[in-house]
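Summary of the model geometry
Below are the chains, spelled out letter by letter.
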Amino acid sequence: MKESVITPGSRPCFMLLPSETPRAVRMRFFTKLSKRFSPFENRRRYADDPFESTDIVGLSPSIDFEFVVHPSDALSAYLFALLNGASGSGCLVILYEPEGGECGKTYPCKSAVYTAVAGRSCLDLNGMLRCSGTFRLHSDKEEGTAVISDDGMSLIFTPAA
């Protein structure tokens with residue numbers, strides 16, 4: 001399993017909310033975002049062979065996350081509802097540019113639909129509710145461009161033609 005950490009300034013992440021489409025909101029209040037690749041394994045055992053054989057036939061990308069719940073933040077409230085049994089998924093938009101994030105500029109980016117899967121239960125730490133989970137890839141990644149709003153808190157994603 002390969003894991004890499006997405007540092008706060010490295011690649012700004014945004015998420016399309018069902019109520020906000022086509023505007024994606026910036027993923028704030030996240031204390032952990034790390035990419036992971038887990039193997040898909042195919043196991044088989046032949047009748048004349050005493051041992052089981054295992055082949056790795058692919059990789060499953062996912063993103064582990066942890067965030068602090070802020071009731072006034074729409075994304076935080078949506079993810080909290082998803083982790084507590086609501087149905088739905090989110091489309092993540094991740095900018096390619098390592099220093100991306102300047103307002104009004106157009107950036108190349110990737111977009112893909114991820115399903116949020118709950119991790120351990122939400123913990124109350126010093127009056128702050130902290131939740132964790134995993135975004136599991138649910139669709140193919142789509143190339144496109146994004147224009148960041150003047151306040152830097154949202155973007156408009158345009159798929160490549």
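For the structure itself, consult the block above.
Residues numbered from 1 in each chain as written. Predicted model: local features only at pLDDT ≥ 70, side-chain atom pairs only at ≥ 80, totals over all residues. Heavy atoms only, no water.

Ranked by size, the top nonpolar core spans 23 residues in total, and within it Met15, Met27, Phe30, Phe67, Leu75, Leu79 and Phe135 carry the most contacts. Where this core is concerned, the elements lending two or more residues are strand S2 (13-16), strand S4 (30-44), strand S5 (53-68), helix H1 (74-83), strand S6 (90-95), strand S7 (106-118) and strand S9 (128-137). Element by element, the count of residues in this core is highest for H1, at five residues. Not counting chain neighbours up to four residues away, the residues in contact with Leu75 comprise Met15, Leu17, Val25, Arg26, Met27 and Phe30. In this structure, Leu16, Cys91, Ala146 and Leu155 belong to the second largest nonpolar core, which totals 11 residues. (Core = buried A, V, L, I, M, F, W, Y, C linked by side-chain atoms within 4.5 Å. Buried < 20%, exposed > 50% of the residue type's maximum accessible area, 1.4 Å probe, protein only. Helix = DSSP H or I, 4+ residues; strand = E, 2+ residues; numbered from the N terminus. Contact = heavy atoms within 4.5 Å.)

A separate point is unusual backbone geometry. Not every positive phi belongs to a glycine, and Phe29 is a case in point at roughly 70 degrees. As for its position among the elements, Phe29 is in the loop between strand S3 (23-26) and S4. Accessibility expressed as a relative area gives 25% for Phe29, which makes it partly exposed.

Turning our eyes to something else, we now look at the pairing of strand S10 (residues 142-148). Inspection of the sheet shows S7 paired to S10 by six bridges, in the antiparallel sense. Each bridged residue has a counterpart across the sheet, and for Cys109 the counterpart in S10 is Gly144. Where S10 meets strand S11 (residues 154-159), five bridges bridge the pair, whose relative direction is antiparallel. Counterpart to Thr145 in the pairing with S11 is Thr158. Where S10 hands over to S11, the hairpin turn is made up of five residues, of which Gly152 adopts a positive phi near 75 degrees. (Pairing = 2+ DSSP bridges.)

These values are about where atoms sit, not about what they do.
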